[in-house]
Protein chains: 2
Amino acid sequence: MINPNNYCVIMAGGIGARFWPMSNSKTPKQFLDILGEGRTLIQKTFDRFAKICPKENIYIVTSKNYKNITKEQLPDLQDDQIILEPYRRNTAPCIAYANYKIKSKNPNAVVVVAPSDHVILKEDVFISVIEQGLQAASENDWLLTIGIRPSSPNTGYGYIQYNEDKPYAKNNSIYAVKTFTEKPELEMAKSFLESGDFLWNAGIFMWSLPSVLKAFNAYLPEVDSLFKQGEGLYNTPQEADFIDKIYQICKSISVDYGIMEKAQNVQVFAAEFGWSDLGTWGSLYELRKKDANKNVIAGNHVKTYDTTKCIVNVPKNKVVVVQGLEDYIVVENNDVLLICKKSDEQQIRQYVADVQVDFGNKYV
Amino acid sequence: MINPNNYCVIMAGGIGARFWPMSNSKTPKQFLDILGEGRTLIQKTFDRFAKICPKENIYIVTSKNYKNITKEQLPDLQDDQIILEPYRRNTAPCIAYANYKIKSKNPNAVVVVAPSDHVILKEDVFISVIEQGLQAASENDWLLTIGIRPSSPNTGYGYIQYNEDKPYAKNNSIYAVKTFTEKPELEMAKSFLESGDFLWNAGIFMWSLPSVLKAFNAYLPEVDSLFKQGEGLYNTPQEADFIDKIYQICKSISVDYGIMEKAQNVQVFAAEFGWSDLGTWGSLYELRKKDANKNVIAGNHVKTYDTTKCIVNVPKNKVVVVQGLEDYIVVENNDVLLICKKSDEQQIRQYVADVQVDFGNKYV
């Protein structure tokens, strides 16, 4: 039975530069069926949490620009479950806003906060972890995060070091956190992996409302006081105007930097459920089914010759013939074509910026 | 002053597999502005011959499928100047047909026959050569062809060996022909180049009507007799039905193989006027303007990074980012994209065939 106090906040404000031109500012990654499964990433995220929380307790936080696409993709949502941020202010203000909005409905809420655009392959394990985590968060004054047992020295993730001698008595996968670290260099990442007490930071948080509000009050008091002023306005016709006003003056800061790295009651749930943040074409390549030549092909009219280890992602009816490429990305969307080496994909942000400068906003 | 007996037959039946997908069966190479000059190849061919022949003496021989595009691109033509072949039968029947059609208008015609899809960079030299050639053909019982002084051991062309000791007294660039050769292997082509008495076969012919009709009667009598039956029907409402009937039974043979290689009165005009048959992407690459990275770019929204010696030919408004390619072809047209190594372009015919089998006729 689903606990009626379980709430979920799905953060969906990403603007989609990374998988350009498959993603773009009109349709960022979270709104794409990037794995070709028939459901977009945000739909799959919603589906997972709908097994943990009552559907009416699931909130999406996104930009005004994505209100319509969110409603289209998640028709089960009521309008007041779509929290619209007027400006981009990183994760802390987004979470503070959602906290107060939920508090006005149910002060006993226990909340899981998660990104909208990650991949979870082992859904059953994930659901079990979140359910156990929410239960633990409801019983303890904790800021509980999820750490993924690392399988490689990935330099694209932040890491969480935990105190392996002190598992939580009721669940020996939950540990006190020692440190959060930024994305490491490769040598550092290798030593993290060897040490065995570092986990990947999945950016998923669980807490009771009293615990998280207390933490905001302690570590980000200027953010907290802005949103606290709105008590009585949340879920009323005055909410939007109030939010627009305070977002203009609210600082932009991540919840990791603003709270998690500073608080003393941070715990980590060490887990492994086939997680990826899908942050790179390389990670997408790893996840997707490959053909006999190790190519990942999306498109119904694609032919390859002497081509291996490539990602070809093109509109369904586009005829594409690719010959003589190894380890390349070939992506077309909305009349934009990108051909580049998989190993140089970190330069894509620069290409997007150049295209915007040279050819205008409509292509990015 | 233009000689009113000068006639021109432009052969425009090519079906466009070679520059696919820029060319395709709907719009073969001759109907493309492949050099980006504002005029298509057939338009440029027409323009050249309009300086040599009265416009009303210029005939286009093409397939019924290309009647409309021919009229669109060459609005100066009257309908009876567009000779429509109901079936593809190679060059000899095409020329026999044109000969009899012209004969019914002007039995004193002297005719130049030329492909519609070649490039001539030195137009003044070309015009002078054709004018001299037509004059010589009007004065002699010759089958006169044009040989291009070779600049490289090109294996994509046929060669003509000439008798350099015997130039024509009135024009010492015209020689008796010794042999025609098929496209040679590289070693053979090198020795042709060194010998100095081999020329590239440009596929351009000049002759008086009596000379060419006599040659058809002698070397291709079964073809000649078919078209001779139609005397009295050419340029009448009965012509199309008659032609449809005889084309069904006419054999398919080239004028080179059927006549030029057998006749004893073949002469060659040795010339050099910046000629290319534009038979390969490589030849197009050589002819077009290159950017600082030696790329040939057609398209207004193309950005390249770490990319050299490539041909990028895409729709004007398509945004294309290419990174990390050397010596590749990237071509898009009509929702078909081809990426392949320039060195492997001879395989393009196979790709076209595969696409036709797998995805249907509409893409080729």
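Please refer to the structure higher up on the page.
Residues numbered from 1 in each chain as written. Chains lettered and ligands numbered in written order. Predicted model: local features only at pLDDT ≥ 70, side-chain atom pairs only at ≥ 80, totals over all residues. Heavy atoms only, no water.

Asks: Just to check I follow, could you spell out the sheet that holds strand 14 (residues 311–313) of chain A for this structure?
Replies: In a beta sheet, neighbouring strands pair by backbone hydrogen bonds and run either parallel or antiparallel. Strands sit in the order 12(A)-14(A)-16(A)-17(A)-15(B)-13(B) across an open sheet of 6 strands; the sheet is mixed. At either margin of the open sheet sits one strand with a lone partner, and together these are strand 12 (296–298) of chain A together with strand 13 (302–305) of chain B. Taking each pair of neighbouring strands and ignoring which way they run, the sheet shows an average axis angle of 5°. Two strands pair when backbone bridges link them, and strand 13 of chain B and strand 15 (residues 319–323) of chain B are joined in this way by 4 bridges, in the parallel orientation. Within the sheet, the bridge partner assigned to Val302 of chain B lies in strand 15 of chain B and is Val320 of chain B. The sheet contacts of helix 11 (residues 348–359) of chain A involve strand 16 (328–333) and strand 17 (336–341) of chain A together with strand 13 and strand 15 of chain B, and relative to strand 13 of chain B the element is tilted by about 145°. (Pairing = 2+ DSSP bridges. Helix = DSSP H or I, 4+ residues; strand = E, 2+ residues; numbered from the N terminus. Axes fitted to C-alpha atoms, helices over the stretch in contact; angles between N-to-C directions. Contact = heavy atoms within 4.5 Å.)

Asks: Would you take a moment to explain the sheet that holds strand 15 (residues 319–323) of chain A for this structure?
Replies: What the 6 strands build is an open sheet, ordered 13(A)-15(A)-17(B)-16(B)-14(B)-12(B); its pairing is mixed. Two strands bound the open sheet, and with one partner strand each, they are strand 13 (302–305) of chain A together with strand 12 (296–298) of chain B. Strand after strand, the sheet turns through a mean of 5° between neighbouring axes, direction not considered. Inspection of the sheet shows strand 16 (residues 328–333) of chain B paired to strand 17 (residues 336–341) of chain B by 6 bridges, in the antiparallel sense. In the sheet register, Val331 of chain B faces strand 17 of chain B, and the bridge partner there is Leu338 of chain B.

Asks: Would you mind showing me how to read the environment of Leu233 of chain B here?
Replies: All names here are of chain B. With respect to the element layout, Leu233 can be found in the loop between helix 7 (221–228) and helix 8 (239–249). Overall, Leu233 belongs to the partly exposed group, its relative accessible area being 25%. Placed 100 residues apart in sequence, Leu233 and Gly133 show a C-alpha to C-alpha distance of 31 Å. Leu233 has contacts with Gln238, Glu239 and Phe242, leaving out every residue within four places of it along the chain. (Buried < 20%, exposed > 50% of the residue type's maximum accessible area, 1.4 Å probe, protein only.)

Asks: Any chance you could explain the interface of chain A and chain B here in plain terms?
Replies: In many reports, interface size means the accessible area that the parts give up when they come together. Between chain A and chain B, the residue contacts involve 34 residues of the former and 34 residues of the latter. Taken together, the connections running from chain A to chain B amount to 6 salt bridges. Close ionic contact of Lys303 of chain A with Asp358 of chain B constitutes a salt bridge, the shortest N to O distance being 2.4 Å. Counting every contact that joins chain A to chain B gives 22 residue pairs in polar contact (both at pLDDT 80 or more). For the side of chain A that touches chain B, the secondary structure elements donating two or more residues are strand 13, strand 15, strand 16, strand 17 and helix 11 of chain A. Here the element with the most residues in the side of chain A that touches chain B is strand 17 of chain A; it accounts for 6 residues. The residue inventory of the side of chain A that touches chain B, partitioned by class, reads 19 nonpolar, 6 polar and 9 charged. The pairing of strand 17 of chain A with strand 15 of chain B spans 4 bridges and is classified as parallel. Bridging from a neighbouring strand, Val336 of chain A pairs with Val319 of chain B of strand 15 of chain B. (Salt bridge = Lys/Arg side-chain N within 4 Å of Asp/Glu carboxyl O. Polar contact = N/O pair within 3.5 Å; in protein donor to acceptor, adjacent residues only side chain to side chain. Nonpolar A, V, L, I, M, F, W, Y, C, P; charged D, E, K, R; others polar.)

Asks: Would you mind going over the pattern of salt bridges with me for this structure?
Replies: For side chains of opposite charge, pairing can occur when their charged atoms come near one another. Residues and elements named next belong to chain B. Applying the stated criterion to the full structure yields 43 salt bridges over all chains. The partner of Lys71 in a salt bridge is Asp79, with the nearest N and O atoms 2.6 Å apart. The partly exposed category is assigned to Lys71, whose relative accessible area is 33%. Judged by its relative accessible area of 45%, Asp79 falls in the partly exposed class.

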